[in-house]
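# Observations on the model geometry
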Amino acid sequence: MAEPRTPDEVVARAARATDLTDLDGAVSDCFACPRLVTWREEVARTKRAAFRDQEYWGRPVPGFGAPDNRTGPGGSGAPAATTAAPRIAILGLAPAAHGGNRTGRIFTGDRSGDVLFAALHRAGLANQPTSVAADDGLTLTDTRIFAAVRCAPPDNRPTPAERDTCAPWLHREIALIRPTLRVVVALGAFAWAAWWPVLRQVYGIRPPSPRPVFGHGAHWSGSAAPQLLGCYHVSQQNTFTGRLTPEMLDDVFARAKQLAGAD
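Cut-offs used in this document
Residues numbered from 1 in each chain as written. Predicted model: local features only at pLDDT ≥ 70, side-chain atom pairs only at ≥ 80, totals over all residues. Heavy atoms only, no water. Helix = DSSP H or I, 4+ residues; strand = E, 2+ residues; numbered from the N terminus. Core = buried A, V, L, I, M, F, W, Y, C linked by side-chain atoms within 4.5 Å. Buried < 20%, exposed > 50% of the residue type's maximum accessible area, 1.4 Å probe, protein only. Axes fitted to C-alpha atoms, helices over the stretch in contact; angles between N-to-C directions. Parallel < 35°, antiparallel > 145°, perpendicular 65-115°, else oblique. Contact = heavy atoms within 4.5 Å. Nonpolar A, V, L, I, M, F, W, Y, C, P; charged D, E, K, R; others polar. Phe/Tyr/Trp six-rings, centres within 6.5 Å; stacked < 30°, edge-to-face > 60°. Lys NZ or Arg CZ within 6 Å of the ring centre and 35° of its normal. Polar contact = N/O pair within 3.5 Å; in protein donor to acceptor, adjacent residues only side chain to side chain. Pairing = 2+ DSSP bridges. Salt bridge = Lys/Arg side-chain N within 4 Å of Asp/Glu carboxyl O.

### Focus on unusual backbone geometry
- Here the amide bond leading from Ser209 into Pro210 is cis, since omega sits at -5°, within 30 degrees of zero.
- Here Pro210 is to be found in the loop between helix 7 (189-203) and strand 4 (219-220).
- Phi angles above zero are rare outside glycine, and Asp142 is one such case at about 65°.
- Looking at the element boundaries, Asp142 is found in the loop between helix 5 (111-122) and strand 2 (143-147).

Shown next, in the form of structure tokens:
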């Protein structure tokens, strides 16, 4: 199929995705946001000195952790990346330039991923506490992870237009795991805000007005949609300063498991 290069083409291609493997492949082939395409490819070409001998992924980063997803970028045929259909989803902002944009797997190969997967391992949702490469053997239980924006953005700041262009990928991903999904953990205010359009597009319900305010431990519950938990993003800005501690993450994932019935 043709690579999506306009917002309308993203909408059409996302709607045609028949399963998560199909969706992951389509996401990986997206060229709809010129600024993000230029940036992700420039980073992949120039590289960070520590990774100069590695080949960067340099493409959009698909979600990770459902039964028909794979540990290799874009469905490489490596072992399946989960042991159960996802009842918990973790929604992030965007891939890191030298993390997911390098390795091809979300939150993999960067400090944020170190913190996140250590917490998921403590919670019994990951088989190991590290995530360093797409073929490192990491598997998840009951959990899928994805970002609101699938390309690494300059300064880690996508524009509103880029967020909106990418939204159909998120909406289709949620629709595909809707039968089992019970809880969404939003990492940061950007992810929290990206959730509300999902209610209308996937669940056919009106988002609450006014919107609930984001905060660490914030909780929203609707009658016909997954429950939403807020969590400070696992960025170095938060973890190095103590704004987000391992204990705070443990509390969020313990609550997510309880609400999802995944204890």
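### Focus: the nonpolar core
- Counting 34 residues, the largest nonpolar core has Trp169, Ile174, Trp195, Tyr203 and Leu228 as its most contacted members.
- Elements with a contribution of two residues or more to this core: helix 1 (7-16), helix 2 (20-28), strand 1 (88-92), helix 6 (160-177), strand 3 (183-187) and helix 7.
- Core analysis: the second largest hydrophobic core is formed by 32 residues, Phe117, Leu125, Cys231 and Phe253 among them.

### So, the packing of helix 1 against helix 6
- Remark: helix 1 packs on helix 6, axes separated minimally by 8 Å, with the N-to-C direction vectors making an angle of 10°. Between helix 1 and helix 6, the crossing angle belongs to the class labelled roughly parallel. In this structure, helix 1 uses Pro7, Val10, Val11, Arg13, Ala14 and Ala15 to contact helix 6, whose residues at the interface are Thr165, Pro168, Trp169 and Arg172.
- Tallied by class, the residues present in the contact of helix 1 with helix 6 amount to 7 nonpolar, 1 polar and 2 charged.

### Thoughts on the environment of Pro158
- Within the fold, Pro158 resides in the loop between strand 2 and helix 6.
- By relative accessible area, Pro158 is classed as buried at 12%.
- Expressed as a C-alpha distance, the spacing of Pro158 and Leu199, which sit 41 residues apart in the sequence, is 22 Å.
- Setting aside chain neighbours within four positions, we find Pro158 in contact with Arg35, Leu93, Val149, Pro153 and Phe190.

### Examining the packing of aromatic side chains
- Within this structure, the stated rule accounts for 5 aromatic pairs.
- An angle of 85° between the planes, with centres 5.6 Å apart, marks the rings of Trp192 and Trp196 as edge-to-face. Note that Trp192 and Trp196 are positioned in helix 7 at a spacing of 4 residues, about one turn of the helix. Each member of the pair, Trp192 as well as Trp196, carries the same accessibility label: buried.
- Accessibility expressed as a relative area gives 3% for Trp192, which makes it buried.
- Through pairs of rings, three or more aromatic residues link up here, namely Trp192, Trp196, Phe214, Trp220 and Tyr232.
- Directly above the aromatic system of Phe31 lies the positively charged group of Arg5, at a separation of 4.6 Å from the ring centroid.
- For the cation-ring pair, Arg102 lies above Phe51, with the distance from its terminal atom to the ring centre recorded as 3.7 Å.

### Side note on the side chain of Thr103
- Mapped onto the elements of the fold, Thr103 is located in helix 4 (residues 100-103).
- Judged by its relative accessible area of 12%, Thr103 falls in the buried class.
- In terms of polar contacts, Thr103 uses its side chain to reach the backbone carbonyl oxygen of Thr108, at 3.0 Å.

### Some points on the sheet that holds strand 1
- Taken in spatial order, the 5 strands of this open sheet run 2-1-3-5-4, and their pairing is mixed. Among the strands making up the open sheet, the edge pair consists of strand 2 and strand 4.
- On top of the sheet, helix 6 reaches strand 1 and strand 2; it is set at about 170° to strand 2, its chief contact.

### Details of the pattern of salt bridges
- Counting across every chain of the model gives 11 salt bridges.
- Between Arg35 and Glu162 there is a salt bridge; the shortest N-O distance is 2.8 Å. Of this pair, Arg35 sits in helix 3 (residues 34-46) while Glu162 is found in helix 6, placing the two residues 127 residues apart along the sequence.
- A residue is classified by how much of its surface remains accessible, and Arg35, at 34% relative accessible area, is partly exposed.
- Judged by relative accessible area, which is 6%, Glu162 ranks as buried.
- Ionic pairing is found between Arg87 and Asp142, a salt bridge with its closest N-O pair at 3.3 Å. Within this pair, whereas Arg87 is found in the loop between helix 3 and strand 1, its partner Asp142 is found in the loop between helix 5 and strand 2, the two being separated by 55 residues in sequence.
- Residue Asp142 is classed as buried on the basis of its relative accessible area, which comes to 8%.
- Three or more residues joined by partner-sharing salt bridges are found here, namely Asp24, Arg144, Arg150 and Glu173.

Read these as spatial facts, not as claims about activity.
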